[in-house]
Amino acid sequence: MKAVFAGSFAVRLVEPVRRHLTMPCEIVAGDEAAVVDQLGDADVLVSMAFTKQFASAGAKLRLVQVPGAGLDRIDRSQLRAGLALANAYGHEAGIAEYVIGAMIALTRNFQRIDQKLRAGQWESQWSVDTPAPPLWPELAGKTLGILGFGHIGEALARRAHAFDMKVCAVRRQAQADVPRELMFVGGPERLDELLGLSDYLAITLSLSPETRDLLDADRLALMKPQAYLINVARAEIVNEQALHDALAARRLAGAALDVWYRYPTAAGVTPPSTAPFHTLGNVIMTPHVSGWTEGMLESRAGLIAENIERTARGEPPLNAVAAAN
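Now for a quick tour of the structure. (Residues numbered from 1 in each chain as written. Predicted model: local features only at pLDDT ≥ 70, side-chain atom pairs only at ≥ 80, totals over all residues. Heavy atoms only, no water.)

Looking at the nonpolar core
Link 1 in the chain: In terms of nonpolar packing, the biggest core is built from 35 residues, with L215, L229 and L243 touching the most fellow members.
Link 2 in the chain: Counting only elements with at least two residues in this core, the list comes to strand 7 (166-170), helix 7 (191-197), strand 9 (200-203), helix 9 (240-248) and strand 11 (254-257).
Link 3 in the chain: Looking at this core element by element, the count peaks at four residues for helix 9.
Link 4 in the chain: When sequence neighbours within four positions are dropped, the list of residues in contact with L215 reads L147, L195, L201, I203, L220, L229, I237, V238 and N239. (Core = buried A, V, L, I, M, F, W, Y, C linked by side-chain atoms within 4.5 Å. Buried < 20%, exposed > 50% of the residue type's maximum accessible area, 1.4 Å probe, protein only. Helix = DSSP H or I, 4+ residues; strand = E, 2+ residues; numbered from the N terminus. Contact = heavy atoms within 4.5 Å.)

See the structure below:
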């Protein structure tokens, strides 16, 4: 068996995967351009991308294993008959915890009051001769809208229910059998309703032609001005300029953004957006790390190792993705 790991994210999984393998396997790793010449005799490609170039070079490939959940860089038209495609999850607990933490941090504005107290300024009821600040809102009783209701959405709903929040969701198709912790799981026709109800909106769906710019200026205007948006899916689901403008004008109370419009392609400084989100005090910016947890790494490494071994035995992979219509 020979497996090629292509791209920086896949390369970081090489050693954990080795620890899970129980059979000999030659592993080659490198950036996407560098490994093309290694695909001629490879059985498995582990990569976030699958291109025409990869398909042409990897005539003997039996499995394209995506080391994450997203398939937006997979050209499924290049998957020939007999070439399986699988993805990997294991990140839902970490991302759900991130969303809960982001909601609390945004609501309580930890960054601002931390900075003030470091300077000796007490923005609290304990200050002297200064009016007490407004009472902090609580998550209890607030409505969390979840846009996308797959592995992450389900994990998040359970945790939000434990905080006594009201939870509703929208997914590709309405769900009649609704878990007890949800108000409803509607189809796309209930998106506008969800936006209007949400005190917090968590975006957890995948990027596709249908979801790109799904939340434009008109849709963002349906949200409450005191609402918060948390995006842990793909940046392009929300129109870049419309989101910046809504946050800058305080038509949204704030946002936590873990996914971005620009990513590093080389060493050095890479601004994550052409819009100046970094100047806004009501935005928490994190570099796509919400799912980068111990549990995720072990889960994905175990799955990838298992699928390499299943390929060697001629068995279908776990988490197989159905062929595109």
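Re the sheet that holds strand 10 (residues 228-231)
Link 1 in the chain: With parallel pairing, the seven strands of this open sheet are ordered in space as 8-7-6-9-10-11-12. Edge positions in the open sheet fall to strand 8 (185-186) and strand 12 (283-285), since each of these has one partner strand only.
Link 2 in the chain: Strand direction decides the pairing type here: strand 9 and strand 10, joined by four bridges, are parallel. Across the sheet, A202 pairs through a bridge with I230, a residue of strand 10.
Link 3 in the chain: Contacts from helix 6 (residues 151-162) reach strand 6 (143-147), strand 7 and strand 9 within the one sheet, and its direction differs from that of strand 6 by about 175°. (Pairing = 2+ DSSP bridges. Axes fitted to C-alpha atoms, helices over the stretch in contact; angles between N-to-C directions.)

Brief notes about the packing of aromatic side chains
Link 1 in the chain: Scanning the entire structure with this criterion turns up four aromatic pairs.
Link 2 in the chain: An angle of 75° between the planes, with centres 5.8 Å apart, marks the rings of W260 and F277 as edge-to-face. Here F277 lies in the loop between strand 11 and strand 12 and W260 lies in the loop between strand 11 and strand 12, a separation of 17 residues in the sequence.
Link 3 in the chain: Overall, W260 belongs to the buried group, its relative accessible area being 4%.
Link 4 in the chain: Taken together, a centroid distance of 6.4 Å and an interplanar angle of 10° make the contact between Y261 and F277 stacked. Here F277 lies in the loop between strand 11 and strand 12 and Y261 lies in the loop between strand 11 and strand 12, a separation of 16 residues in the sequence. (Phe/Tyr/Trp six-rings, centres within 6.5 Å; stacked < 30°, edge-to-face > 60°.)

Description of the pairing of strand 9
Sheet faces and side chains relate simply in a regular strand, where the side chains alternate between the two faces.
Link 1 in the chain: Taking every second residue as pointing to the same face, both faces of strand 9 are buried, with Y200 and A202 on one and L201 and I203 on the other.
Link 2 in the chain: By the bridge criterion, four bridges tie strand 6 to strand 9 in an arrangement that is parallel. For G145, the partnering residue across the bridge sits in strand 9 and is L201.

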